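# Reading the structure
The residues making up each chain are set out below.
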Amino acid sequence: MTTVALIGADGSGKTTVARRLPGMLPVPVRYLYMGVSADSSNVTLPTTRIARRIKRALGAPPDTAGPPSHDRRKPRSRSFLKRRLADGRAALRLGNRLAEEWYRQWRAWRWERSGAVVVFDRHFFIDYHAYDLTGTDRSWSQRLHGAVLGRLPRPDIVVYLDAPGEVLLARKGEGSVEALERRRDEYRSIAPLVAAFVEVDATRPVDEVAAEVASAIIERLAGRTVDR
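Presented here is a report on the structure given in the accompanying data block. (Residues numbered from 1 in each chain as written. Predicted model: local features only at pLDDT ≥ 70, side-chain atom pairs only at ≥ 80, totals over all residues. Heavy atoms only, no water.)

The next thing to look at is the pattern of salt bridges. Pairs can form between side chains of opposite charge whenever their charged atoms are close. According to the stated counting rule, one finds 16 salt bridges in the structure shown. Between arginine 182 and glutamate 186 there is a salt bridge whose closest N-O contact spans 3.6 Å. Pair noted here: arginine 182 and glutamate 186 are both in helix 7 (residues 177–188), with a separation of four residues, about one helical turn. Judged by its relative accessible area of 45%, arginine 182 falls in the partly exposed class. For glutamate 186, a relative accessible area of 12% puts it in the buried group. The salt bridge partner of arginine 188 is glutamate 199, with a shortest N-O separation of 2.9 Å. Within this pair, whereas arginine 188 is found in helix 7, its partner glutamate 199 is found in strand 5 (residues 197–201), the two being separated by eleven residues in sequence. Through salt bridges with shared partners, a single network forms among Asp10, Lys14, Arg122, Asp127, Arg182, Arg183 and Glu186. (Salt bridge = Lys/Arg side-chain N within 4 Å of Asp/Glu carboxyl O. Helix = DSSP H or I, 4+ residues; strand = E, 2+ residues; numbered from the N terminus. Buried < 20%, exposed > 50% of the residue type's maximum accessible area, 1.4 Å probe, protein only.)

Before going further, it helps to examine the pairing of strand 1 (residues 2–7). The side chains of a regular strand alternate between the sheet's two faces. The buried fraction of strand 1 is high, at six of six residues. Taking every second residue as pointing to the same face, both faces of strand 1 are buried, with Thr2, Val4 and Leu6 on one and Thr3, Ala5 and Ile7 on the other. With five bridges connecting them, strand 1 and strand 3 (residues 117–121) associate as parallel partners. Within strand 3, the position partnered with threonine 2 by the bridge is valine 117. As paired strands, strand 1 and strand 4 (residues 157–162) are joined by four bridges and run parallel to one another. Looking at the pairing, isoleucine 7 lines up with tyrosine 160 of strand 4. (Pairing = 2+ DSSP bridges.)

Below, the structure written as structure tokens:
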């Protein structure tokens, strides 16, 4: 069928809308979280689940991380041994992240072949585009991640749930207005890179937002059917 990615900053209502779509679309729908938060993921590799259990046992807080930030990278240690250990940890994290991204893409392909529309909550390519693909101050692991991530299939339809930074900050209380406004620009910059990009005003009640998202998806599904 097709893939649809719901994107937007934390507080825009992505997950709430995504969870409502199965009852609003005239086709089978499968939900797939495509972000970095292990605790938000509904599909993960065994290695990711094991690593998360170990971190929890050691007292780590819930993993609800979103996209990276533009904070400056920490300076590398002057110690050769510490640099090599840091590179080793980075390589392990990167290997598991790449495996996780492509594993979820494989699951999406399977669901598509079964006749379902796959709704992505976030998308790795979009979340990391301004950082690991086009960022200026990138580590070796970010550059490698960006090179591989650029080959990940892009969603057929991207629906961007937009809200001003002030609204998002009031809803979630995370980040700053300036950072959230910058993220809005980064999401909009994705439009030329995907086949279909729809912007939806997410300041309205969630029922209205979900209805507009469903309508946009149905319209484009009908268009794809005619094209075929």
